[in-house]
Amino acid sequence: MPASAAPAPTNNLDAFWMPFTPNRQYKAAPRMLVSAKDMHYRAADGHEVLDGAAGLWCVNAGHGREKIVEAVRAQVAELDFAPNFNMGHPKAFEFASRLTALAPKGLDRVFFTNSGSESVDTALKIALAYHRARGDAGRTRLIGRERGYHGVGFGGLSVGGMVANRKAFGLGLNGVDHLRHTHDPARNGFSRGLPEHGAELADDLERLVALHDASTIAAVIVEPVAGSTGVLPPPKGYLERLRAICDRHGILLIFDEVITGFGRLGAAFASELFGVTPDIITTAKAVTNGVVPMGAVFASSKIYDAFMSGPEHVIELFHGYTYSGHPMACAAGLATLDIYQEEGLFERAAVMGERLADGLHALKGLPHVIDVRTVGLVGAVELEPIEGAPTRRAYAAFTKAFDDGLLLRTTGDTIALSPPLIISEAQVDELVGKLADVLKAID
Ligand code: PLP
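Note that the coordinates shown come from a computational prediction; the quantities given were computed from them, not determined experimentally.

Caption draft 1: Layout of the sheet that holds strand β8 (residues 252-256). The 7 strands are arranged β4-β10-β9-β8-β7-β5-β6 in an open sheet whose pairing can be described as mixed. Of all strands in the sheet, those with a lone pairing partner are β4 (109-113) and β6 (176-179), marking the two edges. In this sheet, adjacent strand axes meet at a mean angle of 20° when their direction is disregarded. By the bridge criterion, 4 bridges tie strand β9 (residues 280-283) to strand β10 (residues 295-299) in an arrangement that is antiparallel. Bridge assignment links Ile280 to a residue of β10, and that residue is Ala299. On top of the sheet, helix α5 (residues 116-133) reaches β4, β5 (141-145), β7 (217-222), β8, β9 and β10; it is set at about 25° to β10, its chief contact.

What follows is the structure, given as C-alpha cells:
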C-alpha cells in the first residue's frame, strides 16, 4: 500500500474508550446512531428513534437545523480559528452580547469555555480569584451539595456529590464541604413542579458557616434542578433561602445551569423561572444546540469590575482555553439563539412541559414506578431497583425503549425525559405511551 493511501475504514470497536459507559457491555451489543433530523435519530439498522433526551440534554432546538448547519459551514470557510488571547474575532463579542441580553439582569459578562465541566471549574476559579482581588483572600472554601453533578474536572468533582464519580480519583480540592441534598420521597413523592417540603435544608449553609466561619467561604454551587442524579427540583423557597444566607455572609452563589439553561424549564434560565439571581451561572450544552462543543459562564459586573483595578497592561484573570470563544461555536450559538427566539421555543417548552407532566404522572401505579417528578420540559420516573442489582431495571427499560424507537436517559434506577423543545403534542403522547409499554414489558 502506498504510504499516502488512506487506511480502510474499520468497524472495530476496540480502540474507542467510551465515556461513562460499561465498555464491554456496550461493545457486545452496540447501539449506533448514524443520522438525526428534528425529533428523531436513525439507528444503523435503519430504525427511527424518538429523541426523549435531547441527545444528552443539549439538542434543545432539535436535530439537523439548517440555519445552524449553514452558519457553521459559512464560518469554517471564512475564519476557521482565531485566538482569543490578546486577539479577537467579531462573533465572540457579538455572541457574548446576545447571551447577556438573555441572561438574568446583572449577569452581563460572559467567559467562554468548551464544556460544562470547564464552565464549572472556571466559575469556581473566578469565585476564588474574585475574593482575592478584593483583598479577601481567606475565602477559599467551596461548598457543593450531595447528589450534585458538576462535571468531571477536579473542581467539579470536588463540589459534586455523586460517589461513583468521586471515589476513584483521590481527594479532590482541599477545603470543600457539602450541603445535604433535597431529595425526600417520603414527604415529596410524586410532586408536580416544586416539592412542598425542604426549604429548611438551605439552612445547612448556616451550619457550615457556624462550623467554618463565613470569612473562609468563597462560594456555594448548586444545580437549580439537579439533573444527573435523577431530576430533583428544588423545594419551594429553598433557592430563595440559599440566596439570603449567601447575601448575609458575603458568599457567592453559583447556579450550575448546564442542563436548565436555554429554555429547558420553560424560561431562558432556571434563575429567571424561580426568581432567584445568583452571582455566577454556568452553562454549556444547549448554548450551541449541542452542535459545536461550548460552555459559557455568566458573571455579574460586580465580579468582573473587581478584577479591573490593577495596572491595565496586566492580565486580570490567568485563565482561559485555546478554544474559548471558538468561531464555529460562536456561529452555531448565534444561529441557535435565533431559532430559540424566532420559534418561541422557551415558551413552547412551558406548554409541552405541562402535557409531559400530565402523561408521566398518569404512569403512577404502573409496574415498578415508585416516584414521578416533573418540572418544565423535564420529567423523571423512578423505578424500584431490583434487589441486589441496582440500575439493572432502568437499564433494561433503556435498551427495550431504544429497540422500540425511543431514546431515554437513565441514572441509577431513574428514567429521565428531556426531549427537544420542538416536540409536538402528538410526540409527547407517543413518548409517554412508549414508556408505559416498556414499563409493562420489563421485569
Ligand atoms: N454541570 C451539570 C449540571 C451537568 O449536567 C453537566 C453534564 O451533564 C456538567 C456540568 C458537565 O458538562 P460536560 O459534560 O459538558 O462537561
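Text resumes after the structure shown.
Caption draft 2: Geometry of the domain arrangement of the protein chain. Taken domain by domain, the protein chain comprises domain 1 (23-61 + 344-441) and domain 2 (69-342). The centre of domain 1, based on its C-alpha atoms, is set 26 Å off from the matching centre of domain 2. Contact with domain 1, which involves 31 residues of that partner, is made by 29 residues of domain 2. Secondary structure elements with two or more residues in the side of domain 1 that touches domain 2: α2 (54-57), α14 (345-361), β11 (369-375), β12 (378-383) and β15 (414-417).

Caption draft 3: Structural view of the nonpolar core. Counting residues in each nonpolar core, the largest one holds 124 residues, and the members touching the most others are Ala127, Val220 and Ile280. Broken down by element, this core gets its largest block of residues, 8 residues, from helix α13 (residues 327-342). Looking at this core, you find at least three residues from each of domain 1 (23-61 + 344-441) and domain 2 (69-342). If sequence neighbours within four positions are ignored, Ile280 has contacts with Ala123, Ile126, Ala127, Leu252, Ile254, Val297, Phe298, Ala299 and Ile303.

Caption draft 4: Here's a closer look at the site of the ligand. Taken together, 14 residues lie near the ligand, and Ser115, Gly116, Ser117, Gly151 and Val258 sit nearest. With 3 residues, the single largest contributor to the shell around the ligand is α5.

Caption draft 5: A look at the packing of helix α4 (residues 90-102) against α13. It is the contact of α4 with α13, at a shortest axis distance of 9 Å, that shows an interaxial angle of 35°. Considering the relative orientation of α4 and α13, their crossing is left-handed. In contact with Lys91, Ala92, Glu94, Phe95 and Arg98 of α4, α13 contributes Pro327, Cys330, Ala331, Gly333, Leu334 and Leu337. In terms of residue class, the contact of α4 with α13 is made up of 7 nonpolar, 1 polar and 3 charged.

Caption draft 6: The arrangement of unusual backbone geometry in detail. The backbone of Asn86 sits at a positive phi, close to 60°, despite the residue not being glycine. Take Asn86: it is sitting in the loop between α3 (66-78) and α4. A positive phi angle, close to 55°, is found at Phe190, a residue other than glycine. Position of Phe190 among the secondary structure elements: in the loop between α8 (185-188) and α9 (204-212).

Caption draft 7: Highlighting the pairing of strand β1 (residues 33-37). By the criterion of burial, β1 is predominantly exposed, with just 0 of the 5 residues buried. Pairing between β1 and strand β2 (residues 40-43): 4 bridges, direction antiparallel. Following the sheet pairing, Ala36 is matched in β2 by Tyr41. Taking the residues between adjacent antiparallel strands as the criterion, β1 and β2 are bridged by 2 residues, where Asp38 takes a positive phi near 55°.

Caption draft 8: Representation of the sheet that holds β11 in the model. Taken in spatial order, the 4 strands of this open sheet run β11-β12-β15-β14, and their pairing is antiparallel. The sheet terminates laterally at β11 and β14 (409-411), the two strands that pair on one side only. In this sheet, adjacent strand axes meet at a mean angle of 20° when their direction is disregarded. One ladder, built from 4 bridges, connects β12 with β15; its direction is antiparallel. Note on β15: the bridge partner recorded for Val381 is Ile415.

Caption draft 9: Spotlight on α14. Between the first and last C-alpha of α14 there are 23 Å, a value that for 17 residues agrees with the 24 Å anticipated at 1.5 Å per step. Buried within α14 are the following residues: Leu345, Phe346, Ala349, Met352, Gly353, Leu356, Ala357, Gly359 and Leu360. On its buried side, α14 packs onto α13, β11, β12, β15 and α16 (425-441).

Caption draft 10: Region of the structure containing the packing of α3 against α13. With their axes 8 Å apart at the nearest point, α3 and α13 run at an angle of 155° to one another. One element, α3, and the other, α13, form an angle in the roughly antiparallel class. Every pair of crossing elements has a handedness; the one defined by α3 and α13 is right-handed. Of the residues in α13, those in contact with Lys67, Ile68, Ala71, Val72, Gln75 and Val76 of α3 are Pro327, Met328, Ala331, Ala332, Leu334, Ala335, Thr336, Asp338 and Ile339.

Caption draft 11: Looking closely at the environment of Val292. Take Val292: it is sitting in the loop between β9 and β10. Look at Val292 and you get buried, because 23 C-beta atoms sit within 10 Å. Dropping the residues within four chain positions of it, Val292 is found in contact with Val72, Met328, Ala329 and Ala332.

Caption draft 12: Expanded view of α4. Its 13 residues place the ends of α4 19 Å apart at the C-alpha level, agreeing with the 18 Å of an ideal helix rising 1.5 Å per residue. Restricting attention to buried positions, one finds in α4 the residues Lys91, Ala92, Phe95, Ala96 and Leu99. One face of α4 carries all of its buried residues, which in axial projection span an arc of 135°. Along α4, exposed side chains directed more than 90 degrees from the buried face belong to Pro90, Ser97 and Ala101. In this structure, the buried side of α4 is in contact with β4, β10 and α13.

Caption draft 13: The environment of His47, seen in detail. In this structure, His47 sits in the loop between β2 and β3 (48-51). For His47, a count of 13 C-beta atoms within 10 Å gives the class partly exposed. Sequence-wise, His47 and Leu421 are 374 residues apart; in three dimensions their C-alpha atoms are separated by 22 Å.

Parameters and conventions
- Here the residue numbers are simple positions, counted from 1 along each chain's written sequence.
- Totals for whole chains, interfaces and linings use every residue, but because this is a predicted model, local features are given only for residues with pLDDT of at least 70 and side-chain atom pairs only at 80 or more, for both listing and counting.
- A pair of strands is considered paired only if DSSP assigns at least 2 bridges between the two.
- Only DSSP runs of H or I with at least four residues qualify as helices, and only runs of E with at least two residues qualify as strands; both kinds are numbered from the N terminus onward.
- The angle between two axes is taken between their N-to-C directions and runs from 0 to 180 degrees, where each axis is a line fitted to C-alpha atoms and a helix contributes only its stretch in contact.
- Our contact criterion uses C-beta atoms placed from the backbone: two residues qualify when those atoms are within 7 Å.
- Domain limits in this description derive from either an automatic procedure or a database domain assignment.
- In plain words, the nonpolar core is the set of buried Ala, Val, Leu, Ile, Met, Phe, Trp, Tyr and Cys residues that C-beta atoms within 7 Å link up.
- With C-beta atoms placed from the backbone, the exposure class of a residue follows from how many other C-beta atoms lie within 10 Å of its own: 20 or more, buried; 12 or fewer, exposed; in between, partly exposed.
- Working rule for contacts: place C-beta from the backbone, and if it is within 6 Å of a molecule or strand, that residue counts as near it.
- For any pair of crossing helices, the crossing counts as left-handed if the nearer helix is rotated counterclockwise from the farther one by less than a right angle, and right-handed if it is rotated clockwise.
- The nonpolar class holds Ala, Val, Leu, Ile, Met, Phe, Trp, Tyr, Cys and Pro. Asp, Glu, Lys and Arg form the charged class, and all remaining residues, Gly among them, are polar.
- Multiply 1.5 Å by the residue count of a helix minus one, and that product is the helix's expected span.
- To sort the angles, those under 35 degrees are grouped as roughly parallel, those over 145 as roughly antiparallel, those from 65 to 115 as roughly perpendicular, and the leftovers as oblique.
- Starting at the helix axis, one direction is taken to each C-beta atom, and the arc is that of these directions.

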